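Inside the fold
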Amino acid sequence: MNMIGVNLWFSPILLLLSCWLSPFQAQDITSFKCSDDPSYYPCQAYVFYQVMAPDLTLTEVSDLFCVSRLMISRASNISSPSSRLLPNQKLFVPVTCSCNSNGLFYANIYYTIQSGNTFFDLSHNQFQNFTTYQSVEFVNPSLVPINLTIGSDAIFPIFCNCPNTTQMQTGINHIISYVYRPSDTIASIAATFGLDAQSIIEINGQNINPWSVIFLPVSQIPQLDQPYVPRISKPEIEVEDHIIIGLAIGLGISLFLLVILILLTFLCCNGEIVSKLKGTRDDKEKQLWSLNKKKWEKNFITDVSDSLDKYGVYDIRDLRQATAGFNQSCLIEGSVYKGCIGGEFYAIKRMKWNALEELKILQKVNHGNLVKLKGFCIHPEFGSCYLVYEYVENDSLYSWLHEDNRTKKLDWKTRLRIAIDVANGLQYIHEHTRPTVVHKDIKTSNILLDGSMRAKIANFGLAKSGYIAVTKCIIGTHGYIAPEYLTDGTVTTKMDVFSFGVVLLELVSGKEAINEEGKPLSIDIGNLLEGEEDEKEEKLKEWMDKVLLDENPCSIESIMNVVTVAISCVEKDPSSRPTMVDIVYTLSKSEALCFDYSMQEEPETEIQQQ
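Residues numbered from 1 in each chain as written. Predicted model: local features only at pLDDT ≥ 70, side-chain atom pairs only at ≥ 80, totals over all residues. Heavy atoms only, no water.

**Here's the deal with the overall build of the protein**
The cut-off we apply is this: Strands here mean DSSP runs of E at least two residues long; helices mean DSSP runs of H or I at least four residues long; both are numbered from the N terminus. For each residue, the accessible area found with a 1.4 Å probe, counting protein chains only, is set against the maximum for its type, and the residue is called buried under 20%, exposed over 50%, and partly exposed in between. It only takes one pair of heavy atoms within 4.5 Å for two residues to be counted as in contact. Per-residue and other accessible areas were derived by the Shrake-Rupley procedure at a 1.4 Å probe size, with only the shown protein chains allowed to occlude residues.
Along the protein, the regular secondary structure elements total 21 helices and 18 strands. When each of the 610 residues of the protein is scored for burial, the buried share is 44%. Contacts in the protein between residues far apart in sequence, at least 24 positions, make up 69% of those at least 6 positions apart. Of the roughly 32,700 Å² that the protein leaves accessible, carbon and sulfur atoms contribute 54%.

Here's what the structure looks like:
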């Protein structure tokens, strides 16, 4: 029997033996059934992850759970996302917990199978028992556990939970997933996390098996005490060592001076020869550099050749000069800098070599409510690409709605005009591009306002071309992500509609998409528009931004229409959401209502003045 045959025969035995020896496998994913009340999920849950492997980095943990290093470092009280991790260091890893298409409750984590991987090893070691190998098999029926294909994608269901309505009313805002170890007791866990033991028993019961996942209900994420990483101190040097070191240094300096003297003599005698040799070497280096640069640029230029006549191709020296060497004082946000080229300001986005998809999509779009691409620069030395955009001077919608340093707040007419601008921009990319473009990252921080307070959609870094697509890694901002994208990775125009609905809710309420307790604004609307007309109006006034109540009276009917649109946009079922065409039409009617109301107010004002 050959070695492959032995492996195929022996692997199931090893798998069964491992299962028999591991009590944690008793936990069954089918027990995590979705509640009949879907109003409290999806939510952001947390996994209490302990560093086991030596030399594990934060990047490796973030890649494993498909979240950013910054999200982990913020939740885990780590000062820098680039910090190295120590054995037994504890982390809070945020995961998006939701009810999936199979009616079960877990976080979808996608993992690409590598050589030597097994479901058992991955669930037990890499994912540290936050799932079980049977659960992985259950949600991946098309994969053969004893013959996994390298490069195939598997879903690892991470056991998690969301606080229900009753729990949230008692102040519970987050659920932490924790692996119960043989040395643990309910009392010790309660003491570690500052909880009451009874609250742990209420959510998990009393019969808890070792290596099973339990849920810890908390009002806020506890602050972890991270270990101090000391510098390696040098050992003390004895007196005799000083003498030896001094002699060695002296001898080294003497040899160095001797070599310099010989070189100077040689250069003086053979200056012409050396000059020729140096010239030849420099020429070869330049030729090699030019060849590599051309080869590096060739593929990129081929892909964007259609747009070379549309956009400017900038030199890296111009961009450096425009941004004072990409100085922090020119930084707008993230990796976007403000720069002045030829007396005109631009927004310069600095990227690694992953800008091709964004550039391909930007070639296809041209609309007044989308931030315009002016040009690009490719720089082979560091494998970097720079996209040069028009500069939009009045910052983001997020800063106008949520930052306290604003002395002036947006009135309702301006907010409604912004909403219509964004809707028009989305209608354009959904209806007038082929194939259809899905932005995938609509949020108030990606909506910029120009000098006339008109809105422009920015940041197509996550955009996807194609009406229906499926992605393996869920990337987005919690609070704006559509439920179907969370559960199945499905990308359609309806996920932009959902995100736009959240933006509408922010415009009306002045609240952020996620509150301090981690609760999404889309869940907060509840029964806002239920009841008689007077009752609905009172509830709406209580919920909406007080700035809108303090200004001159505006049409409450207009605001109510916008809230109705927003509620329809955040429907859990994508097919129940309107299209952007319908949304633009309805919002335009709301603007007309607001305009009519203003026209009615003017005669009254004149009478009052008389």
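Anyway, onward from the coordinates.
**What to know about the nonpolar core**
Under the convention used in this document: In these notes, a set of buried Ala, Val, Leu, Ile, Met, Phe, Trp, Tyr and Cys residues joined through side-chain atoms within 4.5 Å is what counts as a nonpolar core.
Within the largest apolar cluster, 77 residues are counted, with the highest numbers of intra-cluster contacts made by L387, F460, F500, W543, I583 and L587. In this structure, F500 is in contact with A419, V422, A423, L426, I442, C569, M580, I583 and L587, ignoring residues within four places of it in sequence. Formed by 52 residues, the second largest nonpolar core is a distinct cluster that contains F32, Y110, I113 and L122.

**Focus on the pairing of strand 11 (residues 373-379)**
Rules: We treat two strands as partners when DSSP finds at least two bridges between them.
Here strand 11 lies mainly inside the structure; six of its seven residues are buried. Pairing geometry for strand 7 (residues 312-313) and strand 11, over two bridges, is parallel. Bridged to G312 within strand 11 is G375. Two strands pair when backbone bridges link them, and strand 11 and strand 12 (residues 384-390) are joined in this way by six bridges, in the antiparallel orientation. Residue pairing for strand 12: I378 is matched across the bridge by C385.

**Describing a negative patch on the surface**
Definition in use: Surface patches are defined over residues having more than 30% relative accessible area and no salt bridge, joining like charges when they lie within 9 Å and nonpolar side chains (Val, Leu, Ile, Met, Phe, Trp, Tyr) when within 5 Å. Salt bridges are counted wherever a side-chain nitrogen of Lys or Arg sits within 4 Å of a carboxyl oxygen of Asp or Glu. In this tally, Asp and Glu contribute negative charge and Lys and Arg positive charge; neither His nor the terminal groups of the chain are included. Charged side chains are reduced to one point each, which is NZ for Lys, CZ for Arg, CG for Asp and CD for Glu.
A grouping of E530, E532, D534, E535, E538 and E542 is seen on the molecular surface, where their side chains present a negatively charged patch. Its place among the elements puts D534 in helix 18 (residues 533-543). Residue classification places D534 among the exposed residues on the basis of a relative accessible area of 63%.

**Some points on the state of the cysteines**
Where we set the bar: Our working definition of a disulfide is a cysteine sulfur pair at a distance within 2.5 Å.
Taken as a whole and assessed by the stated rule, the structure comprises two disulfides. Each sulfur of the disulfide joining C43 and C162 lies 1.9 Å from the other. Disulfide C43-C162: torsion about the S-S bond near -95°, hence left-handed. Note that C43 is positioned in strand 1 (residues 43-50) and C162 in the loop between strand 4 (153-158) and helix 6 (165-169), a separation of 119 residues in sequence.

**As for the sheet that holds strand 6 (residues 213-218)**
Applicable threshold: To get an axis, a line is fitted to the C-alpha atoms, and for a helix only the part in contact is used. The angle between two axes follows their N-to-C directions and goes from 0 to 180 degrees.
Overall, mixed pairing links the six strands, which are arranged 4-3-2-1-5-6 in an open sheet. Edge strands, defined here as strands with exactly one partner in the open sheet, are strand 4 and strand 6. Between one strand and the next, the sheet's axes are offset by a mean angle of 40°, whatever the strand orientation. Where strand 1 meets strand 5 (residues 174-179), two bridges bridge the pair, whose relative direction is parallel. Bridged to Y46 within strand 5 is I176. Each of strand 1, strand 3 (105-112) and strand 4 is contacted by helix 4 (residues 119-126), which is oriented at about 45° to strand 4, the strand it contacts most.

**Observations concerning the pattern of salt bridges**
In the structure shown here, the tally under the stated rule is nine salt bridges. Of the charged contacts in the structure, one is a salt bridge between D421 and R454, with a shortest N-O distance of 2.8 Å. Of the two residues, D421 is situated in helix 14 (residues 412-431) and R454 in the loop between strand 14 (447-449) and strand 15 (455-457); the sequence distance between them amounts to 33 residues. For K536, the salt bridge goes to E533, with nearest N and O atoms at 3.1 Å. You can see K536 and its partner E533 sitting in helix 18, three residues apart, about one turn around the helix.

**With respect to unusual backbone geometry**
Most peptide bonds take the trans configuration, and most residues that are not glycine carry a negative phi. Residue P435 is bonded to the preceding R434 through a cis peptide linkage, with omega at -5°. Its location among the elements puts P435 in the loop between helix 14 and strand 13 (437-438). Backbone geometry places N129, a non-glycine residue, at a positive phi of 70°. Residue class for N129 comes out buried when judged on its relative accessible area of 2%. In the Ramachandran plot, K440 falls in the positive-phi region, its phi being about 75° despite a non-glycine side chain. Locating K440 in the fold gives a position in the loop between strand 13 and strand 14.

**Considering the side chain of D184**
Worth spelling out the cut-off: N or O atoms within 3.5 Å of each other form a polar contact, as long as, within protein, one can give a hydrogen and the other can take it, and as long as residues adjacent in sequence are counted only when both atoms are side-chain atoms.
Examined against the element boundaries, D184 turns out to sit in the loop between strand 5 and helix 7 (186-193). No salt bridge is formed by the buried D184; the nearest opposite charge belongs to R181, separated by 5.0 Å. A polar atom in the side chain of D184 sits 3.0 Å from the side chain of Y178. The residues contacting D184, other than those within four sequence positions of it, are Y178, V179 and I189.

**Here we look at the environment of S555**
With respect to the helices and strands, S555 occurs in the loop between helix 19 (546-550) and helix 20 (556-569). On a C-alpha basis, the gap between S555 and K413 in space is 9.8 Å, while along the polypeptide they are 142 residues apart.

**A look at empty space enclosed by the protein**
Here is the rule: Whether a set of points on the 1 Å grid over the protein atoms alone is a cavity depends on a 1.4 Å probe fitting there but being unable to get out, while an open set qualifies as a pocket with protein on both sides within 12 Å along at least five of seven lines; lining residues are those with an atom within 4 Å of a point. Grid points are joined across faces, edges and corners, and a volume is the space filled by probe spheres set on the points. Asp, Glu, Lys and Arg are counted as charged, while Ala, Val, Leu, Ile, Met, Phe, Trp, Tyr, Cys and Pro are counted as nonpolar; the rest, among them Gly, fall into the polar class.
Under the definition given, this model contains two cavities of 30 Å³ or more. Grouping the amino acids of the lining of the second largest cavity by side-chain chemistry returns five nonpolar, three polar and three charged.

**So, the packing of helix 16 (residues 493-509) against helix 20**
Threshold: By the definition used in this description, the sense in which the near helix is turned from the far one sets the handedness, with an anticlockwise turn below a right angle giving left-handed and a clockwise turn giving right-handed.
It is the contact of helix 16 with helix 20, at a shortest axis distance of 8 Å, that shows an interaxial angle of 150°. Here helix 16 and helix 20 pass one another in a crossing that is left-handed. Across the interface between the two elements, V497, F498, F500, G501, L504, L505 and V508 from helix 16 touch I559, V562, V563, V565, A566 and C569 from helix 20. Looking at the contact of helix 16 with helix 20, its residues break down into 12 nonpolar, one polar and no charged.

**Notes on the side chain of Q50**
Note on placement: Q50 falls in strand 1. For Q50, a relative accessible area of 11% translates into the label buried. With residues near it in sequence (within four places) discarded, Q50 still touches N88, Q89, K90, Q128 and R181.

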